[in-house]
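Close look at the chain arrangement
Spelled out from the first residue to the last, the chains are:
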Amino acid sequence: MVKQERAVRTRRTVLEAAAHVIGARGYQGATIAKIIQRAGVTKGAVYFHFRSKDALARAVIEEQTDPFVPPVSDSRLQDAIDFSHQVALALRSDPMLQAGTRIAVETTFTEEPLVPYQAWTDIMTAIFTDAQSNGELLPAVAPDRAAEFFVAAYLGVQLYSHAASNRADLPERVTALWRHTLPGLASPGALSRLDPQGRSRKVAA
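Conventions adopted
- Residues numbered from 1 in each chain as written.
- Predicted model: local features only at pLDDT ≥ 70, side-chain atom pairs only at ≥ 80, totals over all residues.
- Heavy atoms only, no water.
- Salt bridge = Lys/Arg side-chain N within 4 Å of Asp/Glu carboxyl O.
- Helix = DSSP H or I, 4+ residues; strand = E, 2+ residues; numbered from the N terminus.
- Buried < 20%, exposed > 50% of the residue type's maximum accessible area, 1.4 Å probe, protein only.
- UniProt positions renumbered as here; feature names shortened; annotations may be inferred.

- For the chain, an unreviewed UniProt entry supplies the name KsbA and the organism Streptomyces noursei.

Following this line, the structure appears as structure tokens:
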């Protein structure tokens, strides 16, 4: 049991170190040597858990969504808005999220791109499907297509924000994204009750 607990801690240490190094240096610039140095473990410990840098990157992508649980309220569209702002705030400081973004961007044009988009798209599809059941979506909106579009747009917005302000203005840009997107998603009755700025941001303020 002690060995198992130690192995779990070591794996987590390596994973977090990989996220920090990839987030700072990029996927191409991150080396196993730098990750080992950051983690403070042996080379054998790293390769015991991850057979390659590729395997490490895939683990980062798989785990980056784990801490984020979408809220659930009477308005699932508002939940989607609030969730997107939660992620936007985390992107400014969460190494796992930042690393996932760099991995996605830097491997897009390789033979085997490592993409985190599907996990986020699945989350948004589930929320939009609930919103459709609640009558919050326009009749022509397909939840899966809407989710795919939003995740793609969100990726672009956060990359633009990263280049423009190191993501300092990301919440404002996400608000603007929703203001432009919601009229094409929300039914008239739902639209009038939605806050693109997000409820969580107002509470924090």
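Read on for the rest.
1. Comments concerning the pattern of salt bridges
- Taken as a whole and judged by the stated rule, the model has ten salt bridges.
- Between glutamate 16 and arginine 12 there is a salt bridge, with the nearest N and O atoms lying 3.2 Å from each other. Of the two residues, glutamate 16 and arginine 12 both sit in helix α1 (residues 2-29), four residues apart, roughly one turn of that helix.
- With a relative accessible area of 38%, glutamate 16 lands in the partly exposed category.
- One salt bridge in this structure joins arginine 199 and aspartate 79, with 2.8 Å as the shortest N-O distance. Of the two residues, arginine 199 sits in helix α11 (residues 199-204) while aspartate 79 sits in helix α5 (residues 76-91), which places them 120 residues apart along the sequence.

2. Some thoughts on the UniProt feature "domain: HTH tetR-type" (unreviewed entry) in the chain
- If you check UniProt for "domain: HTH tetR-type" (unreviewed entry), the listed places come out as residues 8-68 in our numbering.
- The span residues 8-68 is 79% helical and 0% strand by assignment, and the distance between its end C-alpha atoms comes to 21 Å.

3. Focus: the UniProt feature "DNA-binding region" (unreviewed entry) in the chain
- Within this structure's numbering, the places UniProt gives as "DNA-binding region" (unreviewed entry) are residues 31-50.
- Taken end to end, residues 31-50 is 75% helix and 0% strand, and its two terminal C-alpha atoms sit 13 Å from one another.

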